[in-house]
Amino acid sequence: MALSDVAQRAALLREKIEFHNHRYYVLDAPDISDAEYDVLYRELAALEADNPELDDPNSPTKRVGSKPADGFTPYEHVMRMYSLDNAMDLDEWFTFTDRVSKGLDREDVEYWADPKMDGLALEVIYEDGRFVRAATRGDGHTGEDVTHNIRTIMNLPLVLRGSNVPGLLEVRGEVVMSDKGFAALNDRQREAGEKIFANPRNAAAGSVRQLDPKVAASRPLRFMGYGIGRVEWASSGFGWTNQGAIMDGLIELGFSIPPEAKLCKSKQEVADYFIELMEGRDDLPYEIDGVVAKVNSLEMQEALGFTSRAPRWALALKFPAHQVTTKLNDIRIQLGRTGVLTPVAELEPVPLAGVVVSNATLHNKGYIEERDFRIGDTVLIQRAGDVIPQVLSVDMEKRPDDAQKYDFPTSCPVCESDAVEDGEAVRCTNDACPAKTVQRIIHFVSKAGLDMEGVGKKWVQRLAEDGVLVSPADLFTLEKTALLKYEGMADKSAAKFIAAIAKAKEDAPLWRLMAGLGIRHVGEQTARTLANNFEDMEAIGAVPRDDLQELDDVGPIVAESLYDYFQSEETKLLMERFKEADFWPLGTPDVEEGADELPLAGKVFIFTGTLPDMKRPQAQALVEAQGATAAKSISKKVDYVVAGEKAGSKVGKAEKLGLVVIDFDEFMELIQSPKAESKPKSEPESKIKPDSKPKAKPDSKPEPKSSLLSLLDL
Ligand code: IVH
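Given the structure is predicted, the values throughout are model-derived calculations rather than measurements.

**Structural notes on the sheet that holds strand β2 (residues 86-87)**
Here's step 1: One open sheet holds the five strands; their spatial order is β2-β11-β10-β3-β9, and the pairing between them is mixed. The sheet is open, and its two edges are formed by β2 and β9 (262-264), each paired on a single side.
Here's step 2: Where strand β10 (residues 288-295) meets strand β11 (residues 314-318), five bridges bridge the pair, whose relative direction is antiparallel. In the strand pairing of β11, Val291 is matched with Leu317.
Here's step 3: Set on the sheet, helix α3 (residues 90-104) makes contact with β2, β3 (111-117), β10 and β11; between it and β11 the angle comes to about 170°.
Here's step 4: Each of β3 and β10 touches helix α8 (residues 243-253); the most contacted strand, β3, lies at about 55° to it.

Structure representation (structure tokens):
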């Protein structure tokens, strides 16, 4: 392809990919499948790799994060980012509205109201519609340049959409993390012995202030716009005259805004909105701590002006906190499957946000020490959404004289082996610790592992405590009669229990086994990668440590963990026992994940000569999307040789090998054949990092395309 063609193609792909990112992350309405998205993404990534001159910091491929920064550079906001005055109740709201009415000399004032999001304030700057910079609010005058990290936020437009694009635009908003994203992040952090975040806001702020943008890219961050700073229009005649119009404008330009935001015709409507949102706050997917109400008209805003710290036209109406104080009665240790000792606070039971809380997490040893929690203290606890309650701080004034410092155990409370510090975590060093064994088997049978529905957690615990289950391999030799000895185990439940194990034995895929073994740092994603590349467990165990790192998303830490796992005698024994029990899941090396369900699964294509209507990478992407692979050289493994014009020597070679040679028309027929048109039963998982691409959601499955060829008329 001539360079200008390549550049044009790259531009088109970038536009397409960003179009689909917008549909998925902003509109929540994807209209292509993962596989189709991946075809576009891969073609662009390949073009960029082959043509470095096409480099563009706003290419969607840059969302995975570039090189780490050395530090943060201060950024001076051209227009100050003001703070907000607070109202702690509705009386204070009406005092504020009286002042507004007096200032404007009118009663009928409309307000724009939106949730006060609990994240990190940010300014993002666009020049000629292109994202150029992002800076934190800092003290309102000077913040920090965090452009490298913000570029990775999937719902942030890198290029503004629509026809009314300002020449210069500063958008202000909040970087937030959903409660779900936060809980998942902390789970990951805990397992990896990394820092635990106290709440979604800290997690969002910590992620934005990372030097390595790859870390930020791996965090589930979103940007929600709530206003603007400077704006300059390229042509006259455009402009926004009220807050509502600004928000509509932001939506048109491709931004997310809080969906609950709305225009209130009167101060009373704001009060009603405040109550409505307060009552529904736990149902929102992210944390909010109040409502922000802004005088809607920009002219009126200007007339009211600012105090030294905040606008006179906006107010934050704060919700009462989902926090209470109670007594810390004791601290106990809970053991996880990787042997991490997690301290749990035993609290004087107290109602909080609709439930009675009597336990809350204290995260780790460092958390207790930094905040100096002592038994007998009065502590502040918080429950955020559906997140586990946590202990926030101590009320020092209420500390009794006999408050007891907590000595974090140096040995495992279950097996008494040494417990040693490992990063933020303290771990039991005994691999055979019964507590670990129980948790390990529970994980093995759980949804995250072999997904043995019918094998209950409580029963696993009992069986393990009785020594019936010592290793996951024991599950496969377990007999129904052994279960029926237990009081409370009904015949039906025992049958279900055994059947679930038998089912896993029959058809569990290798990735479930790899995820279920509980190898440190090996989650579903890595497990899937391994299963996509290796035949079985033994093949994975035989890979030299350094070679493991060549796999996608396997870095040195994961490689080391895997290597160590397979070196241990215990693992070797476990593998022997799995084999003896005839439990030996197989992987799908050389085949795209999920691809065995695709129409051209397992087929190998090779393209030679010039294809009439299509560039070669496109053709390759097309077959890959249907589960086939594209080979570079002729061999017996090739199923179809697609010969274009001037096909050359490859065709002769192919014929000698007895391979099927087809022309372009036949190729098109093949990929459009009824079989090829049928949709895969399940979408293949993407090879691209999880947060870098849209995933089709189960509840909003895109309509099947009539043909994958529709991808070609981009
Ligand atoms: S408007 C001049 N709207 O609250 C008005 N702020 O003290 C500027 N915040 O950290 C702010 N949600 O990031 C506004 N819907 C919202 C907001 C919001 C959260 C934060 C803001 C800043 C603080 C203002």
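**A closer look at the site of the ligand**
Here's step 1: Around the ligand, the surrounding shell consists of Ser83, Leu84, Asp114, Pro115, Lys116, Met117, Ala121, Glu174, Tyr226, Val292, Lys294 and Pro311.
Here's step 2: One of the side-chain nitrogen or oxygen atoms of Tyr226 is found 2.7 Å away from an oxygen atom of the ligand.
Here's step 3: Protein coverage of the free-state accessible area of the ligand, which is 520 Å², stands at 86%.
Here's step 4: For the shell around the ligand, the leading source of residues is β3, giving four residues.
Here's step 5: Classifying every residue of the shell around the ligand gives seven nonpolar, one polar and four charged.

**Things to note about helix α22 (residues 616-625)**
Here's step 1: By the burial criterion, the buried members of α22 are Gln618, Ala619, Ala621, Leu622, Val623 and Ala625.
Here's step 2: For α22, the elements touching its buried residues are α1 (3-26), α2 (34-50), β21 (604-608), β22 (629-630) and α24 (664-672).
Here's step 3: Gly627 occupies a position one or two residues after α22 and carries a positive phi of about 95°.

**Some words on the side chain of Asn58**
Here's step 1: Considering the arrangement of structural elements, one finds Asn58 in the loop between α2 and β1 (74-76).
Here's step 2: Relative accessible area serves as the criterion here: at 4%, Asn58 is assigned to the buried category.
Here's step 3: Sequence-distant contacts of Asn58, defined by excluding residues within four places in its chain, comprise Arg130, Phe131, Arg151, Leu158 and Val159.

**Considerations on the packing of aromatic side chains**
Here's step 1: In total, this model carries 26 aromatic pairs according to the counting rule given.
Here's step 2: Following the ring pairs from residue to residue traces out a cluster consisting of Phe605, Phe607, Tyr640, Phe664 and Phe667.
Here's step 3: The lysine or arginine in question, Arg528, covers the ring of Trp511, its NZ or CZ lying 3.9 Å from the ring centre.

**Some points on the pairing of strand β5 (residues 130-136)**
Here's step 1: When strand β4 (residues 120-127) meets β5, the two strands line up antiparallel, connected through six bridges. When the sheet's bridge partners are listed, Glu127 is paired in β5 with Arg130.
Here's step 2: The turn joining β4 and β5, which pair antiparallel and follow one another in sequence, is formed by two residues; a positive phi near 45° is taken by Asp128.

**Describing the pairing of strand β16 (residues 378-382)**
Here's step 1: The buried fraction of β16 is high, at four of five residues.
Here's step 2: Looking at chain direction, strand β12 (residues 323-335) and β16 are connected through five bridges and run antiparallel. Bridge pairing in β16 places Thr325 opposite Leu380.
Here's step 3: In the sheet, β16 pairs with strand β17 (residues 390-394) via four bridges, with the strands oriented antiparallel. Bridging from a neighbouring strand, Ile381 pairs with Val391 of β17.

**What to know about the sheet that holds β21**
Here's step 1: Overall, parallel pairing links the four strands, which are arranged β22-β21-β23-β24 in an open sheet. Taken across any chain shown, the strands that pair with only one partner, and hence form the sheet edges, are β22 and β24 (660-663).
Here's step 2: Bridge analysis of strand β23 (residues 640-643) against β24 gives four bridges, and the strand direction is parallel. For Val642, the partnering residue across the bridge sits in β24 and is Ile662.
Here's step 3: Contacts from α22 reach β21 and β22 within the one sheet, and its direction differs from that of β21 by about 170°.

Analysis parameters
Residues numbered from 1 in each chain as written. Predicted model: local features only at pLDDT ≥ 70, side-chain atom pairs only at ≥ 80, totals over all residues. Heavy atoms only, no water. Pairing = 2+ DSSP bridges. Helix = DSSP H or I, 4+ residues; strand = E, 2+ residues; numbered from the N terminus. Contact = heavy atoms within 4.5 Å. Axes fitted to C-alpha atoms, helices over the stretch in contact; angles between N-to-C directions. Near = heavy atom within 4 Å. Polar contact = N/O pair within 3.5 Å; in protein donor to acceptor, adjacent residues only side chain to side chain. Areas by Shrake-Rupley, 256 points an atom, 1.4 Å probe, with all protein chains shown as cover. Nonpolar A, V, L, I, M, F, W, Y, C, P; charged D, E, K, R; others polar. Buried < 20%, exposed > 50% of the residue type's maximum accessible area, 1.4 Å probe, protein only. Phe/Tyr/Trp six-rings, centres within 6.5 Å; stacked < 30°, edge-to-face > 60°. Lys NZ or Arg CZ within 6 Å of the ring centre and 35° of its normal.

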